[in-house]
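Below are the chains, spelled out letter by letter.
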Amino acid sequence: MSTTVVQLHIQDDQVVIDNGILQLTLTNPGGNVTGIQYNGIDNLLELRSPINIIGGVWDLNWSEAGSPGTRGAFDTIEGTIFKVIVENDEQVELSFARTWDPHSSPTSKHSPLNIDKRFIMLRGCSGFYSYAIYEHVEDMPAFNLNETRIAFMLSMDKFHYMAIADDKRRSMPLLEDRSPSRSQQLAYPEAVLLVDPVEPEFKGEVDDKYQYSCENKDNQVHGFICFDPPAGFWQITPSNEFRTGGPLKQDLTSHVNPTTLAMFVSAHYGGEDVVIKFGSGEPWKKVFGPVFIYLNSISDQNDALSLWDNAKEQMRKEVQSWPYSFPASEDFPHADQRGTIRGRLSVLDRYNSNEAIPANGAYVGLALPGVAGSFQKECKGYQFWTRADDQGHFSISKIRAGDYNLYAWVPGFIGDYRYDDAITITTGCSIDMGDLVYEPPRNGPTLWEIGVPDRFAAEFYVPDPDPMYINRLYINRPADKFRQYGLWERYAELYPNEDLVYTIGESDHRKDWFFAQVTRKIGDNAYKATTWRIKFKLDNIDQAAGTYTLHLALASANSSELQVRINDPEANPPHFSSGLIGSDNAIARHGIHGLYWLFSVDIQSAQLMQEDNTIYLTQARDTTPFQGVMYDYIRLEGPPSSSS
């Protein structure tokens, strides 16, 4: 540990914290990061960027109540009140606060929130921490919070190598390569084809920040490496409790510019369903963070890539240290103020087994009270998740005090579990839930099924990308093939004359079921709805029992309407319609899933025929290439048996 104490230098327009390892410079009283001096580098940040991120900033995107969609006005959160919270040899904590004032002209353009941004530096620590407290109080109007984050724009001259996972590391193109003179914009502004990059090695590649997105459960450390001198800049998130949407919610990490992000709230891969909507005077307070900005270095330039391994090790230390003991805000509860819950979850699927079986690998979590599955759209509260072991045992610790529901879902089974009663976590509590049993949706025996019920569409056929539109990082990587650009266009190439037909007992979902039911391009900006057919045989139709069930589990939906017809492709109205659903945009953004949907459709025996039958699945909306659904799993069940 460094023997240098933490020193604070306050000037009229800036504040500097120095612990002998790094020097952090923030605007006074704004609280934006304008300088990080480390390892002989005068500033790790970029202050001459042509984009809206300069240095390091907390910002948010908001809109007035009732505004449709997910886009609004960006609010770069400038503090108006600077305060020293802690100052001693071991630690400095600073506050840059802003109180919403509807009568003040400048702040009337700001989101109606009181915001307190905090920065912490510790003695001997190679980095700094940041968190913020957001509050909506009684006199504040209704509004929508679409996004909030911390964004750092790193030195464009220094940081060219990015790492977000062991198998997702690479040298990156330059921001200049994305300019109109050097690139061609593709179907949306974030994606460009590099046609004349500064470095020829990137020529012909697609650059798109969404290709580097990550699920919350895996999004713990990412950043960039500078080779001269060797130094790393890493964004470490030690807990998911303040993130939104549950463990499978996807979000941005690091990408070209070079930019690294700590995303707290966003509509990415969820759309308007995950926008936080506040009512007039609705009381709300939430702490986002702390997250850790970790800096590391090494003397041997040839060993610079080892900085990634060191960053992962530091991430593990930060996770073990959560919740941190040093934040001074009373709104951040320390370990002794939190509670624990444990139990065992089993699954009773009565048509597969007469006894409950352990919920092996179940995702189990606490979130604000709601209906089953509501956690994936819940964004105002805190969430705490774990995975059950092979016997279904689970334990969740370090839970903030409050009222929650316990939610779960089990890979291999459809639907969502919710424990009926609310659970109150108190300081120091240890709650044993005992044995819990989830009975997944089931009306009768399985006649046939397509796919695997795991909330992903990855088991279906993901085509090779068009050679014109590739990211070389994902070449020869079957598990990540879905991250390539433009796969939605391959559907019409593979099915030029008629739509997909899947025959039960003959077809293989891994080869014969396209990963997304998308529109068919029929001309410039012209698209056509698609209808997929499932053909199957029934030897004995149970006329007496009457009702069959078709379960349709969707891994994603984007501005779609899924219609089901039984043995009559022209039936009007259709036998079932989902109505307009979804806005997660996972098809365009290279996500193999978005939000999970489950529909259970009753089919009367009179609608079925002896021997040959066909189910027609139509995605009826057809104005863009990105309207469509990804299926997770489809199952047809026979009528209930009397023995069950």
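Residues numbered from 1 in each chain as written. Predicted model: local features only at pLDDT ≥ 70, side-chain atom pairs only at ≥ 80, totals over all residues. Heavy atoms only, no water.

1. Examining the UniProt feature "domain: Rhamnogalacturonan lyase" (unreviewed entry) in the protein
Thinking step 1. According to UniProt, the "domain: Rhamnogalacturonan lyase" (unreviewed entry) feature falls on residues 360-432 and 446-636.
Thinking step 2. A distance of 19 Å separates the end C-alpha atoms of residues 360-432, which is 0% helix and 44% strand. (UniProt positions renumbered as here; feature names shortened; annotations may be inferred. Helix = DSSP H or I, 4+ residues; strand = E, 2+ residues; numbered from the N terminus.)

2. Examining the nonpolar core
Thinking step 1. Grouped together as the largest cluster of nonpolar side chains are 184 residues, with contacts concentrated most on Leu345 and Trp513.
Thinking step 2. Of all the elements, strand β24 (residues 284-297) adds the most residues to this core, at 8 residues.
Thinking step 3. Those residues in contact with Trp513, other than ones at most four positions away along the chain, are Ile450, Phe460, Tyr461, Leu500, Tyr502, Asp508, Trp532, Ile534, Leu617, Tyr631 and Ile634. (Core = buried A, V, L, I, M, F, W, Y, C linked by side-chain atoms within 4.5 Å. Buried < 20%, exposed > 50% of the residue type's maximum accessible area, 1.4 Å probe, protein only. Contact = heavy atoms within 4.5 Å.)

3. Quick notes on the state of the cysteines
Thinking step 1. Inspection of every chain in the model, using the stated rule, returns 0 disulfides.
Thinking step 2. Cys379 forms no disulfide, and the closest cysteine sulfur to it belongs to Cys214, at a distance of 18 Å. (Disulfide = S-S within 2.5 Å.)

4. Overview of the sheet that holds strand β9 (residues 114-122)
Note: strands within a sheet are paired through backbone hydrogen bonds, in either parallel or antiparallel orientation.
Thinking step 1. Here 9 strands make up an open sheet; going across it, the order is β7-β8-β9-β10-β24-β19-β18-β12-β13 and the pairing antiparallel. The outermost strands of the open sheet, each flanked by one partner alone, are β7 (81-87) and β13 (168-171). Sheet twist, expressed as the average angle between the axes of neighbouring strands with direction ignored, equals 15 degrees.
Thinking step 2. Strand contacts of helix α1 (residues 306-320): β10 (127-136), β12 (159-165), β13, β18 (221-227), β19 (230-236) and β24, with the helix running at about 35 degrees to β19, the strand carrying the most contacts. (Pairing = 2+ DSSP bridges. Axes fitted to C-alpha atoms, helices over the stretch in contact; angles between N-to-C directions.)

5. Re the environment of Asn476
Thinking step 1. Relative to the helices and strands, Asn476 resides in the loop between β34 (446-451) and α2 (490-494).
Thinking step 2. C-alpha separation for the pair Asn476 and Thr25, spaced 451 residues apart in sequence, amounts to 44 Å.

6. What about the environment of Ser130?
Thinking step 1. Within the secondary structure layout, Ser130 lies in strand β10.
Thinking step 2. Put simply, Ser130 and Glu93 are 37 residues apart on the chain and 9.3 Å apart in space, counted from C-alpha to C-alpha.
Thinking step 3. Contact partners of Ser130, with chain neighbours within four places excluded, come to Trp58, Arg118, Phe119, Ile150, Gly289, Pro290 and Val291.
Thinking step 4. At a separation of 3.0 Å, a polar atom in the side chain of Ser130 contacts the side chain of Trp58. (Polar contact = N/O pair within 3.5 Å; in protein donor to acceptor, adjacent residues only side chain to side chain.)

7. A few points about α1
Thinking step 1. Taking 1.5 Å of rise per residue, 15 residues should cover 21 Å, and α1 covers 22 Å from first to last C-alpha, within 8% of that figure.
Thinking step 2. Residues Leu307, Trp308, Ala311, Lys312, Gln314, Met315 and Glu318 constitute the buried set of α1. All buried residues of α1 lie within an arc of 165 degrees about the axis, which places them on one face of the element.
Thinking step 3. Structurally, α1 contributes buried residues whose contacts are with β10, β12, β13, β18, β19 and β24. (Expected span 1.5 Å × (residues − 1). Arc of directions from axis to C-beta.)

8. Looking at the pattern of salt bridges
Thinking step 1. Taken as a whole and assessed by the stated rule, the structure comprises 44 salt bridges.
Thinking step 2. Close ionic contact of Glu241 with Arg338 constitutes a salt bridge, the shortest N to O distance being 2.7 Å. Within this pair, whereas Glu241 is found in the loop between β19 and β20 (250-251), its partner Arg338 is found in the loop between α1 and β25 (339-347), the two being separated by 97 residues in sequence.
Thinking step 3. Taking relative accessible area as the criterion, Arg338 reaches 3% and is therefore assigned buried. (Salt bridge = Lys/Arg side-chain N within 4 Å of Asp/Glu carboxyl O.)

9. With respect to the environment of Asn240
Thinking step 1. Considering the arrangement of structural elements, one finds Asn240 in the loop between β19 and β20.
Thinking step 2. Take Asn240: its relative accessible area is 30%, and that puts it in the partly exposed class.
Thinking step 3. With 194 residues separating them in the primary sequence, Asn240 and Gly434 have C-alpha atoms 25 Å apart.
Thinking step 4. Apart from the residues within four sequence positions on either side, Asn240 is in contact with Asn216, Lys217 and Gln383.
Thinking step 5. A distance of 3.2 Å separates a polar atom in the side chain of Asn240 from the backbone oxygen of Asn216.
Thinking step 6. At 2.6 Å, the side chain of Asn240 and the side chain of Arg243 are in polar contact.

10. Overview of the packing of aromatic side chains
Thinking step 1. Applying the stated criterion across every chain yields a total of 49 aromatic pairs.
Thinking step 2. Between Trp234 and Trp308 the ring centres are 5.6 Å apart and the planes differ by 50 degrees, which places this aromatic pair in the tilted class. Taken together, the residues span a long stretch of sequence, with Trp234 in strand β19 and Trp308 in helix α1 at a distance of 74 residues. The pair Trp234 / Trp308 is uniform in exposure class, with both members buried.
Thinking step 3. The aromatic ring of Trp597 is capped on one face by Lys377, whose charged end is 4.7 Å from the ring centroid.
Thinking step 4. In this structure, Arg455 packs its charged tip against the face of Tyr596, placed 3.8 Å from the ring centre. (Phe/Tyr/Trp six-rings, centres within 6.5 Å; stacked < 30°, edge-to-face > 60°. Lys NZ or Arg CZ within 6 Å of the ring centre and 35° of its normal.)

11. What to know about the sheet that holds strand β15 (residues 192-194)
Thinking step 1. One open sheet holds the 3 strands; their spatial order is β14-β15-β16, and the pairing between them is antiparallel. Taken across any chain shown, the strands that pair with only one partner, and hence form the sheet edges, are β14 (183-185) and β16 (206-207).
Thinking step 2. The pairing of β15 with β16 spans 2 bridges and is classified as antiparallel. What sits directly across from Val192, in β16, is Asp207.

12. Points about the side chain of Gln627
Thinking step 1. Looking at the secondary structure, you find Gln627 in the loop between β45 (611-619) and β46 (628-637).
Thinking step 2. Polar side-chain contacts of Gln627 include one of 3.1 Å to the backbone oxygen of Ser559.
Thinking step 3. Polar contacts involving the side chain of Gln627 include one to the main-chain amide nitrogen of Thr624, which spans 2.9 Å.
Thinking step 4. If we ignore the near neighbours within four places in the chain, the residues touching Gln627 are Gln517, Val518, Thr519, Asn558, Ser559, Ser560, Gln619, Arg621 and Asp622.

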